[in-house]
Amino acid sequence: MNPTDIKKILSQSGIKKGDTLMLHGNAGVSAGIISNKKNKLDIIFNEIIDYLGNKGTILIPTFTYNFCDNKNFNIKKTKSQLGLFSETFRLKKNIKRTSHPIFSFAIYGNKSDYYLNASIKTCFGKNSIFEFLKKDKGKISCLGCSFYRVTFIHHIEQSFGVDYRYIKKFKGNILYKNKKKPITTEYFVQNLNQSVHLNLELLYKYLKKEKNLFEVDFGRYNLITTQSNFLFNAGIELLKKNKYALIEEKYL
């Protein structure tokens, strides 16, 4: 696949110039890019940034779970635990990173400051980066990875108040520019007394039926895209009908 094909694929996915895009990804997608350049992931990122334009914003998860094990979170130095796709973007020039000690994001674009102001006292709750995305009507895409990777699902679960998760507080320190800031953040964690397995088939089919989900080829992989507020409303509607609509009930 030629790098010039990427913009066409984005357009087919319902992504528009000036959009905010929360992007989950798999580094394997870079293997299909035809180029002599060594860092093919960087080619993909640059094409997406160029397509979104000056008014666009891209957010890529750089999650780190060590904070849950009483380790400090260093905004600049703590590596993403989500793999090469995430870490490559984090290390690009002019990228900003949110200071959430567990669910941080690497951000580039027009609305960077808006998202940097999201609360770090909650992972998925009120004023979290996920709620900010919903209010902004941002898009969510999975590039070369499953729809199950969409972390925004937990914002839906917490907003509804599912009974198979509960609020747990984690305390620790955020390190930045030789300064240490103590922080307590609330994490809507899975109840370990229950064996919970996500099942997003109902949600996926609902979004497809309502034409609020796009799925297009990206080389030998695919790109799945939806809009955060559509996703939220669909998830809440399904949960109102069945409070276990987003999981496999047989494992409870």
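What this report covers is the structure whose coordinates are included nearby. Only a predicted model underlies this, so the values are computations on that prediction, with no experimental measurement involved.

About the criteria used
- Every chain is numbered on its own, with residues counted from 1 as its sequence reads.
- Per-residue local features of the predicted model are confined to residues with pLDDT of at least 70, and side-chain atom pairs are confined, for both listing and counting, to 80 or more; whole-chain, interface and lining totals are unaffected and use all residues.
- Side-chain metrics in this entry use all non-hydrogen atoms of the structure; hydrogen atoms and water are not considered.
- Aromatic pairs are defined between Phe, Tyr and Trp rings, using the six-membered ring for Trp, whenever the two ring centres lie within 6.5 Å; interplanar angles under 30 degrees are classed as stacked, those over 60 as edge-to-face, and all others as tilted.
- The buried label applies to any residue whose accessible area, calculated with a 1.4 Å probe on protein chains only, is under 20% of its type's maximum; exposed applies above 50%, and partly exposed to all values in between.
- Should the NZ of a Lys or the CZ of an Arg lie within 6 Å of a ring centre and within 35 degrees of the ring normal, that charge is described as sitting over the ring.
- Two strands qualify as a pair provided that DSSP identifies no fewer than 2 bridges between them.
- Only DSSP runs of H or I with at least four residues qualify as helices, and only runs of E with at least two residues qualify as strands; both kinds are numbered from the N terminus onward.

1. Focus: the packing of aromatic side chains
Okay, step 1: What the rule picks out here adds up to 15 aromatic pairs.
Okay, step 2: On the basis of an interplanar angle of 85° and a centroid distance of 4.7 Å, the ring pair of Tyr-114 and Tyr-115 is categorised as edge-to-face.
Okay, step 3: Given a relative accessible area of 0%, Tyr-115 falls into the buried group.
Okay, step 4: Here Phe-124 and Phe-130 contribute two aromatic rings whose centre-to-centre distance is 5.6 Å and whose plane-to-plane angle is 50°, an arrangement assigned as tilted.
Okay, step 5: For Lys-134, the ring lying beneath its charged end belongs to Phe-232, and the centroid distance is 3.7 Å.

2. Section: the sheet that holds strand β1 (residues 20-25)
Okay, step 1: In space, the seven strands of this open sheet follow the order β4-β5-β2-β1-β6-β10-β9, with mixed pairing throughout. The outermost strands of the open sheet, each flanked by one partner alone, are β4 (96-97) and β9 (213-218).
Okay, step 2: With five bridges connecting them, strand β2 (residues 57-61) and strand β5 (residues 105-109) associate as antiparallel partners. Paired with Ile-58 across the strands is Tyr-108, a residue of β5.

3. Remarks on the sheet that holds strand β3 (residues 73-74)
Okay, step 1: In space, the three strands of this open sheet follow the order β3-β7-β8, with mixed pairing throughout. Of all strands in the sheet, those with a lone pairing partner are β3 and β8 (179-190), marking the two edges.
Okay, step 2: Sheet analysis places strand β7 (residues 165-176) next to β8, joined by twelve bridges and oriented antiparallel. When the sheet's bridge partners are listed, Arg-165 is paired in β8 with Gln-190.

4. Section: unusual backbone geometry
Okay, step 1: The backbone of Asn-70 shows a phi angle near 65°, a positive value even though the residue is not glycine.
Okay, step 2: Even without being a glycine, Asn-94 presents a positive backbone phi close to 65°.
Okay, step 3: Locating Asn-94 in the fold gives a position in the loop between α3 (84-90) and β4.
Okay, step 4: Note on Asn-94: relative accessible area 64%, which makes it exposed.

In short, geometric facts, not functional conclusions.
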